[in-house]
Each structure stands twice: as C-alpha cells, then as structure tokens.
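In case you want the letters, here they are:
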Amino acid sequence: MEGNPMRRWSLAGQMLVLQLLVVAVTATGGAVLALLQAHELLQEEAGATARAVAVSVATSPDVLEALGERDPTVRLQPYAQRARAATGVDFITIMKPDGTRYTHPNEAEIGKRFLGHIEPALRGETFTETYTGTLGASKRAVTPVMADGRVRALVSAGITIDRISARLRGQLAWGGLIVALALGLGAAGTWLVTARLRRQTHGLGPVELGRIHDHHDAVLHAVREGLLLIGRDGTLTLCNDAARLLLGLPADAEGRHVRDLGLREVPAAGEERIHLAGDRVLAVSSTTSRLGTVVTVRDHTELQALTGQLDAERGFAESLRSAAHEAANRLHTVITLVELGRTEQAVALGTAELRAAQALTDRVVGAVREPVLAALLLGKSAEAAERGSELVISQDSELDDLGLDPRELVTIVGNLIDNAIDAAGRVEVHLSAGERHVLIRVSDNGPGLTGTDAFERGWTTKGDGRGLGLALVGQAVRRLGGTIEVDGSAFTVRLPKP
C-alpha cells in the first residue's frame, strides 16, 4: 500500500481523478474523430465542387465557340477568371487535348503543359484526384470538352489543399471551444458526484471500505444473536444468519415488510418482549438509529424452560416453608394442650393433622409416580390452599414414570394449573396413561376461554405471564407431538407415549 500513493487516497478522490481522465480522453477522442471526419468531408466537398465547376465550364457554349477561334486564349482566359471568382475555386484551366494550357490564374503559365493526369479525360471520363501543381497540392477534377463525338479540349478545376486546411483550422477553433466546454461541464458534474460520494463514504479509501465490509460481514454472520435492521417504513433492510434461523425467515426476507414476515409488532426502543417462533422462546429488544430500528433477538428457549422448572421448585419450597410454619403452630398448640393436662384433645389434634398431611401425600404419590410431576402437584396444592383455592387430584388419576421430559411436563401442567387457579376457586387435575397417549386434563369452575388465541400468542410484554404461560403450553405440547383441546374451562392434553 505504501508503494502506491493512489491506494491512500479516498475513494471519492480516486473517482474524481479517474472520471476526469475519462471525460478528458472521451472529449479529446471525440474532438479528434470529429476533426478527421471534418477533414474528410471537406476533401469530398472540394472534390465535388471542383467536379461540378469543371463539368459546367466544359459544357458551356462560350467555351466551344472560343475553341473555334484562331487564338482561344483571348476569350477563354477572361471567362475562366470570371467563372473562378464566381464559383470560389482556386483555378480553372482549359487546355488542348495534349495538355497545353489555354488559361491559368498565373498568365505566365499559359502555353505550358498541364501538371496532372489527363488520360481518363481523353477517354471521355470525368475524374477527380489530389495532385501537386504550379499552385501547390490541390483537389482537382478533369473533364473533357466534347464536340461531334470527339474530345476538343480538357477542363480542370480545383481547390488547393492549403485552402481546405484553412477551413479546417477554423473548425478546429470551434472544436477546441466545444471540447473545453465539455471538459468544464464534465469536471463540474464529476465534482458534484464525487462530493456526494465523499459524504456517503466518509472520505474513506477503497482499502478501508473493503476492510470495513469484511469486518461487518464477519461480525454479522458470526454472532449468535439475531440482528435485524428495520427501516422507518417497516421494511426489513438487513438480517443476519442467526435471525433467519431463530425467526424462520425466508431467503428473500430483506426488502419485505415485517408484517409479511409474521412479526406483528416491533417493541419500542429500550423495551424487551418475548416472541414465540415455532418451538423457540425469543427475547426481542430494539434501539433506534439514523437508519431505522435495530432489533436484537436472543434465544431464551432453554432459559425459559429452566425458569419454569425453577418457579415450580420455588413454589414447592415456599409451600414447604408455609407448611412447616403451619405445622409449628399446630405443634405448639398440641404441646400447650399437653401442659394443660388435656392429653386426649392433644392426641386428637395431632392425629388429625398427621392424617390429613399424609393423606394428601399418599394420594399424590400413589397416583403420580413421576417424581418431578408429583413434587409439582404437591407444591401447587399448597399454593392453591394459601391463595384460597382448592386443588383436587381426580380419583381415577394414575400415571407412571413413562420417560416423558419432566421439564415439558412441568411447563404444561404448571402453567395450566396456574391459569386455572387465577380464574377459579376449585381446580381438578386428571392424569392417566392409555395404550397410545398420556392424558392430562385440568378443569376449573371458572368462566373458561372463548377461544384458543392464547396458545398462538406472538408478542407479549416482558413479565406478562398470562398470555405467555398458555403460549408456552402450546409450544411444549407441539414439541412432544401432542394435541390440546379447550372445552370451556377444561384443558385436555394428549401426548404420545415415548
């Protein structure tokens, strides 16, 4: 790069020099070509003029009459001079068939031999040629004077090359002026284009622009987070490979409106939202820039599943804490009754509490032999009791550990129970396994749903657990290859056995 100073120039500067060179070469080449064509045209025009003048003189009756006289020069010389002045040619020479001149602009040349070719004219032909005679090089025409079928004389008319060159020099001045104007206009236009290019490239050279492009391309395709650039009109102008994968975007996504791509709403700047795309839980945030909205997409599928399991375990731990606190109160009551000598009442109270706690545990553990799911149901039972609701395991529930993903079961059962507890005071859970499917039914005495849109929730604000919870249920059911049905306030999930 150090050996080539042009590489250190900005792209705009290089474009300016190159375009000026192109304009200069184009204008100069066009001018040279035009001059060459003009020279050729002037030559052709001079030949045509000389031919027309020669033929006109050769067919003049005055010339034939003068040729019949004793000394034709007396009449022909003044005639030729007048015709030469009238037509603008440089010479008109009338000569004998052997080439002896009757007329010439220089009277000293009269009587001498014509310098040029006359053979075609002697055969009755009219021709043109470029020849150097007494007046210098000229474009001339030679034609015969015919009388009674024979050549009586010859006429030659011509225009000197110097005169043609003088006319060409006059056109050269105009051509130079036109070239100068073209160069000026081209330079002005090039400068305007270069100034715009300099603003757009920030004065960077091609090496720097290439390096920036390589870095941009490498970073854009290497990051695990999805990156989207959305224009102010809602058109997707840029997306990386991670965004295509996470959002399931088609190959022709760039240039289309975000609504056509299934992105119904873009979060406001500084806001983060959860977006459900197929089997993925995505965290979407955005910032604004001068080019539009930059959207970042992160995959929170595993995190969301672990969070749901952690919430279930936290709820179970909280229920155990509450149960321990309540057990401590009852134990204190039993001890006080013993100290007061009311042992029978103390035994009755302790036995009743033990029987109730053991009955719940035996009922859940006996019906559900999947440990994580059993722990979830015990925790949700305690949570429902604390919130003034009742969670009941149906009498005909029975479910062995069949190898289903416990995290998915926690997501499905936990969110359905949470939704039911929020909506009603009594919740019933039924769990069973048939020949092909595992049946999970959660019902309550609430008003129920009027539709199933909650399972197709797209955008939801961060922390809004209601719509997101049911959407997560729908995702988990689809991942396990099952189905879900809603009948009022009853949710029925069927999962294929592993």
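In case you missed it, the structure is sitting above this.
Residues numbered from 1 in each chain as written. Predicted model: local features only at pLDDT ≥ 70, side-chain atom pairs only at ≥ 80, totals over all residues. Heavy atoms only, no water.

Visitor: I'm lost on the nonpolar core in this one. Help?
Guide: Most often, soluble globular proteins keep nonpolar side chains buried together rather than apart. By size, the foremost hydrophobic cluster in this structure holds 33 residues, and its most contacted members are Leu377, Val429 and Leu495. Residue contributions to this core peak at eight residues, all from helix α12 (residues 406-423). Look past the residues within four positions of Leu377 in its chain and what remains in contact with it is Val364, Val368, Leu391, Ile393, Val413, Ile417, Val429 and Leu431. Counting residues in hydrophobic clusters, the runner-up holds 28 residues, among them Ala80, Ile94, Val155 and Ala157. (Core = buried A, V, L, I, M, F, W, Y, C linked by side-chain atoms within 4.5 Å. Buried < 20%, exposed > 50% of the residue type's maximum accessible area, 1.4 Å probe, protein only. Helix = DSSP H or I, 4+ residues; strand = E, 2+ residues; numbered from the N terminus. Contact = heavy atoms within 4.5 Å.)

Visitor: Just to check I follow, could you spell out the pattern of salt bridges for this structure?
Guide: Once the charged atoms of two side chains with opposite charge are near each other, the side chains can pair. Tallying each qualifying case throughout the model produces seven salt bridges. With a shortest N-O distance of 3.6 Å, Arg75 and Glu65 are connected by a salt bridge. Of this pair, Arg75 sits in helix α4 (residues 73-87) while Glu65 is found in helix α3 (residues 61-67), placing the two residues 10 residues apart along the sequence. Note that Arg494 is salt-bridged to Glu485, the shortest N-O span being 3.6 Å. Relative accessible area serves as the criterion here: at 31%, Arg494 is assigned to the partly exposed category. (Salt bridge = Lys/Arg side-chain N within 4 Å of Asp/Glu carboxyl O.)

Visitor: Would you take a moment to explain unusual backbone geometry for this structure?
Guide: Here Asp148, not a glycine, exhibits a phi torsion of approximately 55°, which is positive. Take Asp148: it is sitting in the loop between β3 (136-147) and β4 (150-160).

Visitor: Please clarify how the pairing of β3 should be interpreted in this entry.
Guide: Residues in a regular strand point their side chains to alternate faces of the sheet. The buried fraction of β3 amounts to nine of the 12 residues, a majority that puts the element mostly inside the structure. Of the pairings in the sheet, the one linking β3 to β4 comprises 10 bridges and is antiparallel in character. Bridge pairing in β4 places Ala147 opposite Arg150. Adjacent in sequence and paired antiparallel, β3 and β4 are bridged by two residues, among which Asp148 carries a positive phi angle near 55°. (Pairing = 2+ DSSP bridges.)

Visitor: I'm lost on the sheet that holds β4 in this one. Help?
Guide: One key point about sheets: their strands pair by backbone hydrogen bonds, in either a parallel or an antiparallel sense. Read from one edge to the other, the open sheet built from four strands follows the order β1-β4-β3-β2, with strand pairing classed as antiparallel. Only two strands of the sheet have a single neighbouring strand rather than two, namely β1 (91-95) and β2 (127-133). Within this sheet the neighbouring strands show an average axis-to-axis angle of 30°, counted without direction. Here β2 pairs with β3 via seven bridges, running antiparallel. Each bridged residue has a counterpart across the sheet, and for Thr128 the counterpart in β3 is Ala141. (Axes fitted to C-alpha atoms, helices over the stretch in contact; angles between N-to-C directions.)

Visitor: How do you make sense of the side chain of Lys139 when you look at a structure like this?
Guide: Within the fold, Lys139 resides in strand β3. Contact partners of Lys139, with chain neighbours within four places excluded, come to Gln43, Ala46, Gly47, Ala50, Glu129, Thr130, Ala157, Gly158, Ile159, Ile161 and Ile164.

Visitor: How should I be thinking about the environment of Arg494 in this particular structure?
Guide: For Arg494, the position within the fold is in strand β15 (residues 490-496). Linking Arg494 and Ile440, residues 54 residues apart in sequence, is a C-alpha distance of 6.5 Å. Once residues within four sequence positions are removed from consideration, Arg494 is found in contact with His437, Val438, Leu439, Gly482, Thr483 and Glu485.

Visitor: So what exactly am I meant to see when it comes to the sheet that holds strand β10 (residues 390-393) here?
Guide: What the five strands build is an open sheet, ordered β10-β11-β12-β15-β14; its pairing is mixed. Both outer strands of the open sheet, β10 and β14 (483-487), are each paired with one neighbouring strand and no more. Each adjacent strand pair in this sheet contributes to an overall mean axis angle of 15°, direction not counted. Pairing geometry for β10 and strand β11 (residues 426-433), over four bridges, is parallel. Residue pairing for β11: Glu390 is matched across the bridge by Arg426. Seen against the sheet, helix α11 (residues 371-386) touches β10 and β11 and runs at an angle of roughly 145° to β10.

Visitor: Honestly, α12 in this entry has me stumped. Any pointers?
Guide: Note that an α-helix has 3.6 residues per turn; residues three or four places apart therefore point the same way. Taking 1.5 Å of rise per residue, 18 residues should cover 26 Å, and α12 covers 25 Å from first to last C-alpha, within 8% of that figure. Glu408, Leu409, Val410, Thr411, Ile412, Val413, Gly414, Asn415, Leu416, Ile417, Ala420 and Ile421 are the residues of α12 that are buried. (Expected span 1.5 Å × (residues − 1).)

Visitor: Any chance you could explain the environment of Ile440 here in plain terms?
Guide: Relative to the helices and strands, Ile440 resides in strand β12 (residues 437-444). With 44 residues separating them along the chain, Ile440 and Ile484 place their C-alpha atoms 9.3 Å apart. The residues contacting Ile440, other than those within four sequence positions of it, are Leu409, Val413, His430, Leu431, Phe491, Thr492, Val493 and Leu495.

The values reported here are purely geometric and, on their own, carry no functional implication.
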